[in-house]
Amino acid sequence: MKTMNRISRRSFLKAASAAAVVSALGLTGCGSSAGSTASSTAASGAVSSAAASEAAAGQTFKVGIVNYVDHASLNQIVESVESRLDEVAKEKGVTFDYADYYANAQADQTNLNQIGADLVADGVDVIVAVATPTAATMLAAVEDTDIPVVYSAVTDPAAAALTPSPTSPVPPMP
């Protein structure tokens, strides 16, 4: 069994923000407009730098990456996330362990449910969900935990009920 360093919630959220940046970059191939992609990329760079700069060198973050189905555009998002995590890890001297926590649900809801339960049981630090059904299932899996879910390849998060409604307050980040 591999020994993992425990991290503070603040460090974890910063690492999750770095993963969010990676996901935002993956949206360019999934129908986002050039304007929103440019803003996401600019914001992502700032968040990524701040997030990774405060992570202590040598820390290991367990990143669950869940792909809905084997498809060229979805696979490209996964590859981009992994590539960017590798770059940030090298720059900041941290490790993102995603290889042990990658899963493809093969477009099967039962698989998604099991993957979500397994990732929560494994105590991953963040889950990157690729596609709307994956995001919805992973959000349900982490409901009673502090594990954040970053998602990509979701055309309309509000319509999929993945974001708070305009009338519900967004909880503050610690």
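Residues numbered from 1 in each chain as written. Predicted model: local features only at pLDDT ≥ 70, side-chain atom pairs only at ≥ 80, totals over all residues. Heavy atoms only, no water.

Quick look at the overall build of the protein
In terms of regular secondary structure, the protein is built from 5 helices and 5 strands. In the protein, the succession of α and β elements from N to C terminus is α-α-β-α-β-β-α-β-α-β. Expressed as a percentage of the 174 residues in the protein, the buried residues total 40%. In the protein, of all internal contacts separated by at least 6 residues, the share reaching a separation of at least 24 is 67%. (Helix = DSSP H or I, 4+ residues; strand = E, 2+ residues; numbered from the N terminus. Buried < 20%, exposed > 50% of the residue type's maximum accessible area, 1.4 Å probe, protein only. Contact = heavy atoms within 4.5 Å.)

Some thoughts on helix α3 (residues 72-92)
Its 21 residues give α3 an end-to-end C-alpha distance of 30 Å, which sits within 8% of 30 Å, the value for a rise of 1.5 Å per residue. Looking only at α3, the buried set comprises Leu 74, Ile 77, Val 78, Val 81, Arg 84, Leu 85, Val 88 and Ala 89. Buried positions in α3, seen along its axis, are confined to an arc of 140 degrees and lie on one side of it. Facing away from the buried side of α3 by more than 90 degrees, the exposed set consists of Ala 72, Lys 90 and Glu 91. Just past α3, the residue Gly 93 takes up positive phi, approximately 75 degrees. (Expected span 1.5 Å × (residues − 1). Arc of directions from axis to C-beta.)

Digging into the nonpolar core
General note: in soluble globular proteins, nonpolar side chains tend to be found buried as a group. In terms of nonpolar packing, the biggest core is built from 19 residues, with Val 63, Ile 65 and Phe 96 touching the most fellow members. Looking at this core, the elements that each hand over two or more residues are β1 (60-67), α3 and β4 (126-130). Tallying contributions element by element places α3 first for this core, with 7 residues. Grouped together as the second largest cluster of nonpolar side chains are 17 residues, Val 66, Ala 105, Val 124 and Val 149 included. (Core = buried A, V, L, I, M, F, W, Y, C linked by side-chain atoms within 4.5 Å.)

Quick look at the pattern of salt bridges
Oppositely charged side chains may form a pair once their charged atoms are brought near each other. Taken as a whole and judged by the stated rule, the model has 2 salt bridges. Arg 84 is the partner of Glu 91 in a salt bridge, and the nearest nitrogen-oxygen pair spans 3.8 Å. Exposure remark for Glu 91: the relative accessible area of 53% places this residue in the exposed category. Connected via shared salt-bridge partners are Arg 84, Glu 87 and Glu 91. (Salt bridge = Lys/Arg side-chain N within 4 Å of Asp/Glu carboxyl O.)

These results come straight from atomic positions and should not be treated as a statement about function.
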